[in-house]
Amino acid sequence: MTTEVKNLKAKETTRSKVQQQVVDSLKKRHRQEKLFRNAGITAVSISLMLVVLLFLNIFSKGLPAFWQHAIKLDIYFDPAIVKIAEKPVQLADESDNEFRQRDLEWRSSVGMVNFNRLIVAGLEKVIPDASQHRRDLQRIVTSGERFAIRDLVIADPSIIGTTQSLFLLTDANIDVWLKGNIDRTLSDAQQQLSPKVREWVEMLKEQGVIQNRFSFALFMNADSRSSLASAGLAGAFMGSLYMMLVVIVLAVPMGVAAAVYLEEFAPKNKITDIVEVNINNLAAVPSIVFGLLGASIFIGWFNLPISAPVVGGLVLTLMTLPTVIIATRSTLKAIPPSIRQAALGLGASKSQAVFHHVLPLAIPGILTGSIIGVAQALGESAPLLLIGMKSFVASIPSSAMEQSTALPVQIYLWQGNELRNFFEARTSAAIIVLLALMLSLNSLAIWLRKRYEVRW
């Protein structure tokens, strides 16, 4: 009995030790799991906090740039100053080329008019002692507004001899001064504006002649170096639009076709294995390498124009193709094999099974991958710098073959501008526009995915 009791006690002791080990092990695992969960929550929280701080910083700096100070003036289109011939009208026996030539000559003659005199005359009506400080007077309205007045005359010559109430953009230094982005305690020698101009500006602001209005110029004008206040994003926006059209037309069909062939029709051998490995490697190649390739091939060999959206679109197409192919192949792999087997079992050919059954089911994933690839290309700047799209372009391109820049490159150019107080906000505003476009594309991808998922 004594031996049996000892054995039972030994077994109970061993069992209790094992149980204790199990309990300790469970506690340790639960503790590790809790630590891991807390670490994950902390990492996500820190990431979200950094993203929120980034967006708050961008929006706090960029939103004020969507409003810009303008001065309201009554401009009298004096016939003694605006001396131009009547606007040409195409004659019955005149060819289109002849009419365009006459119209171009007439526009050139309008451009020779000194429209600054009209602006100065308008300023003299609202500033009492303006005639005594004419040099300071010309610092109030940005120089690019004379072209806006010229365009009004070209569009409607009948305004000559009439008085028009217009809002004209103030100089960039005045906009910065009124927004408080300049240290007003600096001495007069360190200020960009003379004491007289500052006095006038404060007076006109108080009287409501100068108002902070929504800046349509930011969206309607191209970039400008002579009239910084008139600089806008229209040229860069159109350049990005043309490039995205090239990417959509080339990268999406080619990428989807290549993915369908590789996944559904290509034989499994060493050649296809090498192709698949190279596609995966291309997706990881730095974007600047594609810029070097584009500059060498499209500009060096094919002699395409430098800084043209078509070249940028071709370079971004090369960069986007691997992303579209990989996303499409992943979507095709996710389609159940039973779909293919059922189609083949009912007598469909291989092509019919793929294009009539598999591909329609894969449309949501294909669209999502393609749009995300296009959105990624929209934000690229490194390859565009190497094909000359960092050059200053003061016009809005009318085709993909004309010189242009792009939104990411425009952000890069504005960030390095000397007038930091003015263009720092404009840079953030351009980033907001770019983010809005990218978020719109991603939202479109989500909407299309949901729509086709419901349909199928």
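Reference entry: report on the structure contained in this document. Residue numbers run consecutively from 1 along every chain, following the written order of its sequence. pLDDT decides what is reported in this predicted model: residues at 70 or higher carry local features, side-chain atom pairs at 80 or more are listed and counted, and totals for whole chains, interfaces and linings draw on all residues regardless. Derived side-chain values reflect all non-hydrogen atoms in the structure, with water molecules and hydrogen atoms excluded from consideration.

### Quick word on the sheet that holds strand 1 (residues 67-76)
Phase 1: Only strands joined by at least two bridges in the DSSP assignment are considered to pair. Helix and strand definitions here come from DSSP, where helices need a minimum of 4 consecutive H or I residues and strands a minimum of 2 consecutive E residues; each element is numbered from the N-terminal end. Ordered in space as 2-1-3, the 3 strands form an open sheet in which the pairing is antiparallel. Two strands lie at the open edges of the sheet, namely strand 2 (163-169) and strand 3 (210-214), each paired on one side alone. On average, adjacent strands in this sheet sit at an angle of 40° to one another, irrespective of strand direction.
Phase 2: Of the strands in this sheet, strand 1 and strand 3 are in contact with helix 7 (residues 195-207), which crosses strand 3 at around 70°. Every axis in this analysis is a line fitted to C-alpha atoms, fitted for helices over the stretch in contact. Angles between the N-to-C directions lie between 0 and 180 degrees. What makes two residues a contact is simply this: any of their non-hydrogen atoms within 4.5 Å.

### Comments concerning the nonpolar core
Phase 1: Of all hydrophobic cores here, the largest spans 80 residues; its most connected members are I71, I140 and L168.
Phase 2: Not counting the four nearest positions on each side in its chain, L168 is found in contact with A70, I71, L73, I75, I119, V141, E145 and I149.
Phase 3: Core analysis: the second largest hydrophobic core is formed by 10 residues, V324, L332, V358 and L359 among them. Nonpolar cores are built from buried Ala, Val, Leu, Ile, Met, Phe, Trp, Tyr and Cys residues. Side-chain atoms within 4.5 Å join them into one set. Using a 1.4 Å probe on the protein chains alone, a residue whose accessible area is under 20% of its type maximum counts as buried, one over 50% counts as exposed, and one in between counts as partly exposed.

### Describing the environment of A130
Phase 1: Mapped onto the elements of the fold, A130 is located in the loop between helix 3 (116-126) and helix 4 (134-137).
Phase 2: Sequence-distant contacts of A130, that is, excluding residues within four places in its chain, are made with L123, E124, L137 and W200.

### Some details on the side chain of S370
Phase 1: By secondary structure assignment, the location of S370 is in helix 14 (residues 350-378).
Phase 2: By relative accessible area, S370 is classed as buried at 4%.
Phase 3: Side-chain atoms alone can form a polar contact between residues adjacent in sequence; in general such a contact is a pair of N or O atoms within 3.5 Å, and within protein one must be able to donate a hydrogen while the other accepts it. At 2.8 Å, the side chain of S370 forms a polar contact with the backbone oxygen of I366.
Phase 4: Leaving out residues up to four positions away in the same chain, S370 has contacts with V252, V256 and V324.

### Side note on the pairing of strand 1
Regular strands show a simple pattern: their side chains alternate between the two faces of the sheet.
Phase 1: Bridge count for strand 1 against strand 3 is 5 bridges, and the pairing is antiparallel. Directly across from A70, in strand 3, lies its bridge partner Q211.
Phase 2: With 7 bridges connecting them, strand 1 and strand 2 associate as antiparallel partners. What sits directly across from K72, in strand 2, is F167.

### Here we look at the packing of helix 9 (residues 234-265) against helix 12 (residues 309-334)
Phase 1: Axis separation between helix 9 and helix 12 bottoms out at 6 Å; the angle between their running directions is 35°. Regarding helix 9 and helix 12, the two cross each other, and that crossing is right-handed.
Phase 2: Under the grouping applied here, Gly and all other residues not named as nonpolar or charged are polar, the nonpolar ones being Ala, Val, Leu, Ile, Met, Phe, Trp, Tyr, Cys and Pro and the charged ones Asp, Glu, Lys and Arg. Within the contact of helix 9 with helix 12, the residues separate by chemical class into 22 nonpolar, 7 polar and 4 charged. In this scheme the crossing of two helices becomes right-handed for a clockwise turn of the near helix relative to the far one and left-handed for an anticlockwise turn of less than a right angle.

### A closer look at unusual backbone geometry
Phase 1: Even without being glycine, N303 reaches a positive phi, approximately 55°.
Phase 2: Mapped onto the elements, N303 comes out in the loop between helix 11 (287-301) and helix 12.
Phase 3: Here S307, not a glycine, exhibits a phi torsion of approximately 65°, which is positive.
Phase 4: By the secondary structure assignment, S307 is in the loop between helix 11 and helix 12.

### Some thoughts on the packing of aromatic side chains
Phase 1: Two rings belonging to Phe, Tyr or Trp (six-membered ring only in the last case) form a pair when the distance between their centres is within 6.5 Å. Interplanar angles under 30 degrees mark stacking, angles over 60 mark edge-to-face geometry, and anything in between is tilted. Inspection of every chain in the model, using the stated rule, returns 9 aromatic pairs.
Phase 2: Measuring from centroid to centroid gives 6.0 Å for F214 and F219, while their planes differ by 10°, and the two rings are stacked.
Phase 3: Among the residues examined, F219 registers a relative accessible area of 35% and is labelled partly exposed.
Phase 4: Here F422 and F423 contribute two aromatic rings whose centre-to-centre distance is 5.2 Å and whose plane-to-plane angle is 90°, an arrangement assigned as edge-to-face.
Phase 5: F422 gets classed as buried once you look at its relative accessible area, which sits at 4%.
Phase 6: The class of F423 is buried, set by a relative accessible area of 1%.
Phase 7: Three or more aromatic residues link up through ring pairs in this structure, and these residues are F66, W67, F214, F216 and F219.
Phase 8: For a lysine, the NZ atom is tested; for an arginine, the CZ atom; a charge sits over a ring if that atom is within 6 Å of the ring centre and within 35 degrees of the ring normal. Here R184 stacks its cationic end above the ring of W177, 4.2 Å away from the centre of that ring.
Phase 9: One cation-aromatic arrangement involves R213 over F167; the distance from NZ or CZ to the ring centre is 3.7 Å.

### Let's talk about helix 7
Phase 1: Expected span of a helix: the number of residues minus one, times 1.5 Å. The terminal C-alpha atoms of helix 7 lie 18 Å apart, and with 13 residues this matches the ideal 18 Å at 1.5 Å per residue to within 8%.
Phase 2: Inspection of helix 7 places K196, V197, R198, W200, V201 and L204 among the buried residues, and these make up the whole buried set.
Phase 3: In this fold, the buried residues of helix 7 make contact with strand 1, helix 3, helix 4, helix 6 (172-178) and strand 3.
Phase 4: G208, located one to two residues past helix 7, shows a positive phi value of around 85°.

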